Amino acid sequence: MKSLYFDGKELLIKEVPIPIQSKDEVLIKVLMAGICKTDLEIVKGYMGFKGILGHEFVGEVVDAQNKSLIGKRVVGEINCPCYRCSFCLRGMSNHCPNRTVLGIYNRDGVFAEYTTLPEKNLHIVPNGVSDEIAVFTEPVAAGYRILEQVQFNSNDFVVVLGDGRMGQIISQIINPYVRKLVCVGKHSQKMFLLNIYGIDTCLLDYWKDKNVDVVIDVTGNPTAQSFALNMLRPQGTLVIKSTTEQSNSINLSKLVVDEIKIVGSRCGPFEPALKALAEKKVEVEYMISHKFAFEDIINAFEVAQNKDCLKVLIDFRNNKG
Ligand SMILES: [Zn+2]
Ligand SMILES: [Zn+2]
């Protein structure tokens, strides 16, 4: 099969054998996949990953021990834990030290005709959810993780810092739970799209308020966190979603003096994400700026680097193989 392989230096299209799944794993034919900011960071050196990239996908099960799964359209959670260590036994399997992570850590990803995942990781996609929408399940789930971690109050004033795809998803998820939410970013073109769905936006240069209850940083920019801290009221909460290959420097005494709480936030629950997508509580289709065939995936990566670009999808459905 054809795959997009990262050799630690550059991306190349490489012919590789179709993966052989172990007994609790399922073989999946990839239908559609999304390029994520994390993929762009990996290409810059984040995680030191080598192998087949990609973790956002929807696919069709072609082989599984559980025969009832064959032919089903699925999305998959990306962390593959051991289920035996002390973290797994305490219900923290996303933090299993023995885990592999799809297309990110020690496990080949989904920019290929076929991929494999444990059966436990899969969720069946409801019929009303198109492939284009289902591909967003993983990032929407990452947005729902914030609701598991932060107790929002109906009086809260929240800023989502960053107007990219994750900023837009998170703004839609959190907005119904709080008094006021503003997405703050640098790109009026991108923020205009969010206004259509009833979310307030503001250009970063015009932002003045320093009394925000919760700031959610999704800029992907390591210098943004000190800016985010200055937006917060004393005893406010900073949620950090950005992961970058660069390290960040924030002034920790500001945290002490203002008694700020910092919450790191990563992967989230798939079921509420799929439900929100099916019920259109979170709109995502408008974010698709480009769709490429797999043959053009290197070009797709170039386009995805563009700051005005929200989401680039790779369509495997017309693949001639
Ligand atoms: Zn991602
Ligand atoms: Zn474990």
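Structure: see above.
Residues numbered from 1 in each chain as written. Chains lettered and ligands numbered in written order. Predicted model: local features only at pLDDT ≥ 70, side-chain atom pairs only at ≥ 80, totals over all residues. Heavy atoms only, no water.

*Asks:* Explanation requested: a nonpolar patch on the surface in the structure shown.
*Replies:* Where nonpolar side chains cluster on the molecular surface, the patch consists of F192, I196 and Y197 and spans about 320 Å² of accessible area. Relative to the helices and strands, F192 resides in helix 6 (residues 188-196). (Patch = residues over 30% accessible without salt bridge, like charges linked within 9 Å, V, L, I, M, F, W, Y side chains within 5 Å. Areas by Shrake-Rupley, 256 points an atom, 1.4 Å probe, with all protein chains shown as cover. Salt bridge = Lys/Arg side-chain N within 4 Å of Asp/Glu carboxyl O. Helix = DSSP H or I, 4+ residues; strand = E, 2+ residues; numbered from the N terminus.)

*Asks:* Just to check I follow, could you spell out the coordination of the zinc ion (ligand 2) for this structure?
*Replies:* Under ideal tetrahedral coordination, the four donors around a metal are separated by 109.5 degrees; under ideal octahedral coordination, the six donors are separated by 90 or 180 degrees. Looking at the metal site, the zinc ion (ligand 2) is ligated by C82 (SG), C85 (SG), C88 (SG) and C96 (SG), spaced 2.3 to 2.4 Å from it. Each of the four donor atoms bound to the zinc ion (ligand 2) contributes to angles spanning 101 to 118 degrees, and the resulting shape is tetrahedral. When the donor residues of the zinc ion (ligand 2) are listed from N- to C-terminus, their spacing reads C-x2-C-x2-C-x7-C. Grouping residues by exposure puts C82 and C85 together as buried. (Donors = N, O, S within 2.8 Å, 3.2 Å for Na, K, Ca; no water. Tetrahedral: all angles 85-135°; square planar, octahedral: opposite > 155°, others 65-115°. Buried < 20%, exposed > 50% of the residue type's maximum accessible area, 1.4 Å probe, protein only.)

*Asks:* Help me understand the coordination of the zinc ion (ligand 1) in this model?
*Replies:* Only C36 (SG), H55 (NE2) and E56 (OE) from the protein reach the zinc ion (ligand 1) as donors, at distances of 2.1 to 2.5 Å. Mapped onto the polypeptide sequence, the residues donating to the zinc ion (ligand 1) form the spacing pattern C-x18-H-E. Remark: E56 occurs in strand 5 (residues 56-63) and C36 occurs in the loop between strand 3 (25-35) and helix 1 (37-43); sequence separation between them is 20 residues. Just as C36 is buried, E56 falls in that class too.

*Asks:* Any chance you could explain the packing of helix 4 (residues 137-149) against helix 5 (residues 165-174) here in plain terms?
*Replies:* The relative placement of two packed helices comes down to the angle between their axes together with the axis-to-axis distance. Interhelical geometry of helix 4 versus helix 5 gives an angle of 50 degrees and a closest axis separation of 9 Å. The orientation of helix 4 relative to helix 5 falls into the category oblique. Pair helix 4 / helix 5 crosses with right-handed handedness. Where helix 4 abuts helix 5, its residues P139, V140, A142, G143, Y144, I146 and L147 lie against R165, M166, I169, I170, I173 and I174. (Axes fitted to C-alpha atoms, helices over the stretch in contact; angles between N-to-C directions. Parallel < 35°, antiparallel > 145°, perpendicular 65-115°, else oblique. Left-handed = near helix turned anticlockwise from the far one by under 90°. Contact = heavy atoms within 4.5 Å.)

*Asks:* Explain the packing of aromatic side chains to me, please; I cannot follow it from the model alone.
*Replies:* Across all of its chains, the model carries four aromatic pairs by this definition. Here the aromatic rings of F157 and W207 are separated by 6.2 Å at their centres, their planes lie at 40 degrees, and the arrangement is tilted. Of this pair, F157 sits in strand 12 (residues 157-161) while W207 sits in the loop between strand 14 (200-203) and strand 15 (212-217), placing them 50 residues apart in sequence. For F157, a relative accessible area of 6% puts it in the buried group. Residue W207 is classed as buried on the basis of its relative accessible area, which comes to 15%. Consider the rings of Y197 and Y286, whose centres lie 4.7 Å apart with planes at 35 degrees: the pair is tilted. One end of the pair, Y197, is in the loop between helix 6 and strand 14; the other, Y286, is in the loop between helix 9 (270-278) and strand 18 (288-293), and 89 residues separate them in sequence. A relative accessible area of 33% places Y197 in the partly exposed class. Here the guanidinium or amino end of K29 rests over the ring plane of Y114, the centre of that ring lying 5.4 Å away. (Phe/Tyr/Trp six-rings, centres within 6.5 Å; stacked < 30°, edge-to-face > 60°. Lys NZ or Arg CZ within 6 Å of the ring centre and 35° of its normal.)

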